[in-house]
Amino acid sequence: QVQLVESGGGLVQAGGSLRLSCAASGRTVSSYTMGWFRQAPGKEREFVGVIRWSGGSTHYADSVKGRFTISRDNAKNTVYLQMNSLKPEDTAVYYCAAVANYYSDHILLERQERYDYWGQGTRVTVSS
């Protein structure tokens, strides 16, 4: 079993930056794919980005391309979501997720049902 704990959320002004962390514990995540999702009030949960732990390849939603960057720290078993140029529409609860299965097509990892493990989320509020 894998446990995921998000942290780093908070209040930030539009145009600012914030870095979220997702600490993984339990079984090794070296072969996992790690995804980030977000859910704004009254909206469906949406895909943000994904990183393969092995190799570090990434894939992002169009809405965050060029602004958000996902990375990982092997020593800390932690993945990060660096968010720059934040907009009010980025306001949401951000979740990290993990899946052990390998998907050759990144588009498949945009579906939340593909993931086996989820954190409890961390709230990000971007003020205008």
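Residues numbered from 1 in each chain as written. Predicted model: local features only at pLDDT ≥ 70, side-chain atom pairs only at ≥ 80, totals over all residues. Heavy atoms only, no water.

(A) Quick peek at the pairing of strand S7 (residues 68-73). Both S7 and strand S8 (residues 78-83) contribute to a ladder of 6 bridges, which runs antiparallel. Looking across to S8, one finds that Ile70 is bridged to Leu81. Connecting the antiparallel pair S7 and S8 is a turn made up of 4 residues, with Asn77 showing a positive phi of about 50°. (Pairing = 2+ DSSP bridges. Helix = DSSP H or I, 4+ residues; strand = E, 2+ residues; numbered from the N terminus.)

(B) Main features of the environment of Ala23. Summarising the element assignment, Ala23 is placed in strand S3 (residues 18-26). Ala23 sits 28 residues away from Ile51 along the chain, and the two C-alpha atoms are 14 Å apart. If sequence neighbours within four positions are ignored, Ala23 has contacts with Gln3, Leu4, Val5, Asn77 and Thr78. (Contact = heavy atoms within 4.5 Å.)

(C) Inspection of the pattern of salt bridges at higher detail. The final tally for this structure, using the stated rule, is 5 salt bridges. Linking Asp62 and Lys65 is a salt bridge whose minimum nitrogen-to-oxygen distance equals 3.1 Å. Judged by relative accessible area, Asp62 falls into the exposed class, the value being 64%. For Asp90, the salt bridge is made with Arg67, and the minimal N-O distance between the two is 2.7 Å. Linking Asp90 in the loop between S8 and strand S9 (92-99) with Arg67 in the loop between strand S6 (58-60) and S7, this pair joins segments that are 23 residues apart in sequence. With respect to burial, Asp90 and Arg67 carry one shared label: buried. Each of Arg38, Glu46, Arg67 and Asp90 takes part in a single network of salt bridges with overlapping partners. (Salt bridge = Lys/Arg side-chain N within 4 Å of Asp/Glu carboxyl O. Buried < 20%, exposed > 50% of the residue type's maximum accessible area, 1.4 Å probe, protein only.)

(D) Broad picture of the packing of aromatic side chains. If you walk through the whole model with that rule in mind, you get 5 aromatic pairs. With a centroid separation of 6.3 Å and an interplanar angle of 45°, the aromatic rings of Tyr32 and Tyr117 are classed as tilted. Here the residue Tyr32 occupies a position in the loop between S3 and strand S4 (33-39), and Tyr117 occupies one in strand S10 (residues 117-118), the gap between them amounting to 85 residues. Directly above the ring of Tyr95 sits Arg45, whose terminal nitrogen or CZ lies 4.0 Å from the centroid. Its end group placed over the ring of Trp118, Arg45 keeps NZ or CZ at 4.9 Å from the ring centre. (Phe/Tyr/Trp six-rings, centres within 6.5 Å; stacked < 30°, edge-to-face > 60°. Lys NZ or Arg CZ within 6 Å of the ring centre and 35° of its normal.)

(E) Spatial organisation of the state of the cysteines. Scanning the model with the defined rule gives 1 disulfide in all. Linked covalently through their sulfurs, Cys22 and Cys96 form a disulfide whose S-S length is 2.0 Å. Disulfide Cys22-Cys96: the torsion about the S-S bond is 60°, which places it as right-handed. With a gap of 74 residues between them, Cys22 in strand S3 and Cys96 in strand S9 connect regions that are remote in the sequence. Residue Cys22 is classed as buried on the basis of its relative accessible area, which comes to 0%. (Disulfide = S-S within 2.5 Å.)

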